[in-house]
Amino acid sequence: MPGLLARVYITPKRGILDPQGKAVQSSLHALGFGEVQDVKVGKYIELRLEDAASATASARVREMCERLLANGVIEDFRVELAEERR
Amino acid sequence: MRWGVVVFPGSNDDRDALRAAERVLGDEAVALWHKDRTLGGADCVVLPGGFSYGDYLRCGALAKFSPIMDAVARHAREGGLVLGICNGFQILCEAGLLPGALIANRSLSFVCDLVTVRVETTDTFFTHGCRTGEVLELPIKHGEGCYVADEGTLAALEHEQRVVFRYTDRAGRPTPEANPNGALRNIAGVCNAGRNVIGLMPHPEHAVERLTGSVDGLRLFRSAQSWVTRGVAAAPARSAPG
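Residues numbered from 1 in each chain as written. Chains lettered and ligands numbered in written order. Predicted model: local features only at pLDDT ≥ 70, side-chain atom pairs only at ≥ 80, totals over all residues.

Colleague: Tell me about the overall build of chain A, and please be specific about residues and values.
Modeller: For chain A, the helix and strand inventory stands at two helices and three strands. Put simply, chain A runs from its N terminus to its C terminus through helices and strands in the order β-α-β-α-β. In summary, chain A has a C-alpha radius of gyration of 16 Å against a globular reference of 12 Å for 86 residues, an excess of more than 25%. For chain A, the C-alpha atoms occupy an extent of roughly 50 × 30 × 15 Å along the three principal directions. Sorting the 86 residues of chain A into buried and exposed places 13% on the buried side. Taking the intrachain contacts of chain A between residues at least 6 apart in sequence as the baseline, contacts between residues at least 24 apart amount to 71%. (Helix = DSSP H or I, 4+ residues; strand = E, 2+ residues; numbered from the N terminus. Rg over C-alpha atoms; globule rule 2.2 N^0.38 Å. Buried ≥ 20, exposed ≤ 12 C-beta atoms within 10 Å, placed from the backbone. Contact = placed C-beta atoms within 7 Å.)

Colleague: Outline the pairing of strand β9 (residues 163-167) of chain B, supporting the account with residue identities and numerical values.
Modeller: Residues and elements named next belong to chain B. Where burial is concerned, most of β9 is hidden: five out of the five residues are buried. Bridge count for strand β6 (residues 111-119) against β9 is three bridges, and the pairing is antiparallel. Of the residues in β9, the one forming a bridge with Arg118 is Arg166. Pairing geometry for β9 and strand β10 (residues 187-191), over three bridges, is antiparallel. Looking at the pairing, Val163 lines up with Val190 of β10. (Pairing = 2+ DSSP bridges.)

Colleague: With reference to specific residues and values, describe the environment of Leu200 of chain B.
Modeller: Residue and element names in this part refer to chain B. Secondary-structure assignment places Leu200 in strand β11 (residues 197-200). Linking Leu200 and Val190, residues 10 residues apart in sequence, is a C-alpha distance of 6.6 Å. Residue contacts for Leu200: discarding those within four places in its chain leaves Ile85, Phe89, Val164, Phe165, Ala188 and Gly189.

What follows is the structure in structure tokens.
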């Protein structure tokens, strides 16, 4: 029976300090990857959902992000939905 | 007065806060379990430091949904006193009771130190016994203490004198060197628009007895005590050391 897989990508908002990204960038530079212009370190969250219309699921996952998974003061989020066979 | 100290799973400064209120100030103090739905008649509710819910997801992100937080929000809305220390500050920001957020220290290192902060306003229950510009010595210990907010929010905080504490050197200068975590504008503590909800990263509850160093935290707790027990007036400004 098909279910839904929601992939949630959470990244630091533009303009918000990202000390982790800065540290990773300088390590990459030290390793010789000088072409790296900017690094943002965020979070990836997978949610497996019971079968539902994807419009409903999309709205529900966005609400999850707004209420818990991301903090709108410092983070942006992006959701991808895909059907999944189990 | 009566203090209520919320204990979340992972709180670890609740005992010191209770001890400061009970043994040092001589007030009543009760521990409140995070699953409680009332505040036990507390005049001031303290959200203590620690690592509630293991700091999972984001510091304070899960604690804001603890059952007691509805009562804390109601207390705040009704003008009751709320004090968030360290993780408590993070929880208040996550819960939207204070503006902004606390992110990883710019150094990416946990910092444990004795720092100096300047009292930026005496127009709060927690600082009215101090003098504006007075420098206090308080301990810090945190990995995510870098205060951030958008420019509009920061400008409003400054304009409304809602920055309560700022990291400075001993002379009261907010230098980059005096900033232990990269907080924007050296902000160490803020209050809400009603001035009855305060959050700060430093730990006044660890600075109430000579044995453990500074006693400057005591002045802040005494401010709250006199605010509640005697009305707004009270606590004379410090002239002698201590």
